[in-house]
Amino acid sequence: MTKRIVKTPKLYFMDTGLACYLTRWTSPEVLEKGAMAGAMFETFVISELWKSWMNAGKEPPFSFYRDTDQHEVDLLIEDNGRLFPVEIKKTALLNGNEAQGFRFLAQGITGFAVAPGTIICNAETIGIPSKGVFALPVSSI
C-alpha cells in the first residue's frame, strides 16, 4: 500500500436497532431523513455482511480505503490476493459517480488485483451503472 493511505479505523455498531434507540431515532421517518441516515445504512449493510461471514464460520477479511485526498471505498473484501471493492449508498438511483473511489483504489493499492466494484444500494434489481461496476440491491444480501 502507498504512503497516501489514511490509517484511521472505522467503528461499526453491529445492532442498528440498538444504535437507533441509543441515538433516539425512534421512528422510521427520523431515520429515513436524518443527517446520519446514510451512515446508519452503511453500518446496517456492513453488519449484515459481517454476520453472514461469521455464520459461515469464516473470519471476515474486511477493511476500507481512504487516502489523503479523501478518496474512499466503503468496504474492501480481500480474498485470495484480490480486493473486491464495495460502495454502500442509501439511494436507489445511481448515476455512475458513486464508483469514483474504485478508480483511485486501483491507483493507490499495490500487490493486489482489484476486482470489479459493487455498489450495494436500495435499487430494486441488479444493474450496471457504469463500466465494470455492478449495482446490487440491499435486499439480496
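Refer to the structure printed above.
The model shown is predicted, which means the values in this text are computed figures rather than measured ones. (Residues numbered from 1 in each chain as written. Predicted model: local features only at pLDDT ≥ 70, side-chain atom pairs only at ≥ 80, totals over all residues. Heavy atoms only, no water.)

Some words on the overall build of the chain
Across its full length, the chain carries four helices and seven strands. Along its sequence from the N terminus, the chain presents helices and strands in the succession α-α-α-β-β-β-α-β-β-β-β. Rg of the C-alpha trace for the chain: 15 Å, near the compact-globule value of 14 Å for 141 residues, within the 12% margin. Taking the principal axes of the C-alpha coordinates as reference, the chain spans close to 45 × 35 × 30 Å. The 141 residues of the chain split such that 35% are buried. Nonlocal contacts in the chain, meaning residues at least 24 apart in sequence, comprise 54% of its contacts between residues at least 6 apart. Accessible surface computed for the chain: about 8700 Å², of which carbon and sulfur atoms make up 56%. The average position of the 14 basic charges and that of the 15 acidic charges among the side chains of the chain differ by 5 Å. (Helix = DSSP H or I, 4+ residues; strand = E, 2+ residues; numbered from the N terminus. Rg over C-alpha atoms; globule rule 2.2 N^0.38 Å. Buried < 20%, exposed > 50% of the residue type's maximum accessible area, 1.4 Å probe, protein only. Contact = heavy atoms within 4.5 Å. Areas by Shrake-Rupley, 256 points an atom, 1.4 Å probe, with all protein chains shown as cover. Lys, Arg positive; Asp, Glu negative; His and termini not counted. Charge placed at Lys NZ, Arg CZ, Asp CG, Glu CD.)

Thoughts on helix α3 (residues 37-55)
Residues separated by three or four positions in an α-helix point in the same direction, a consequence of the helix having 3.6 residues per turn. For α3, spanning 19 residues, the distance from its first C-alpha to its last is 27 Å, which sits close to the expected 27 Å at 1.5 Å a residue. Among the residues making up α3, those that are buried are Ala37, Met40, Phe41, Glu42, Thr43, Val45, Ile46, Ser47 and Leu49. Close packing links the buried residues of α3 with α1 (16-22), α2 (28-33), β1 (62-66), β2 (72-79), β3 (82-88) and β5 (117-121). Within two residues after α3, Gly57 carries a phi angle of roughly 80 degrees, on the positive side. (Expected span 1.5 Å × (residues − 1).)

Observations concerning the pattern of salt bridges
For the structure shown, the criterion picks out four salt bridges. Residue Glu32 is joined to Lys90 by a salt bridge in which the shortest nitrogen-to-oxygen separation is 3.2 Å. Linking Glu32 in helix α2 with Lys90 in the loop between β3 and α4 (100-108), this pair joins segments that are 58 residues apart in sequence. Here Lys90 falls in the partly exposed class, since its relative accessible area comes to 29%. The salt bridge partner of Glu87 is Lys89, with a shortest N-O separation of 3.4 Å. (Salt bridge = Lys/Arg side-chain N within 4 Å of Asp/Glu carboxyl O.)

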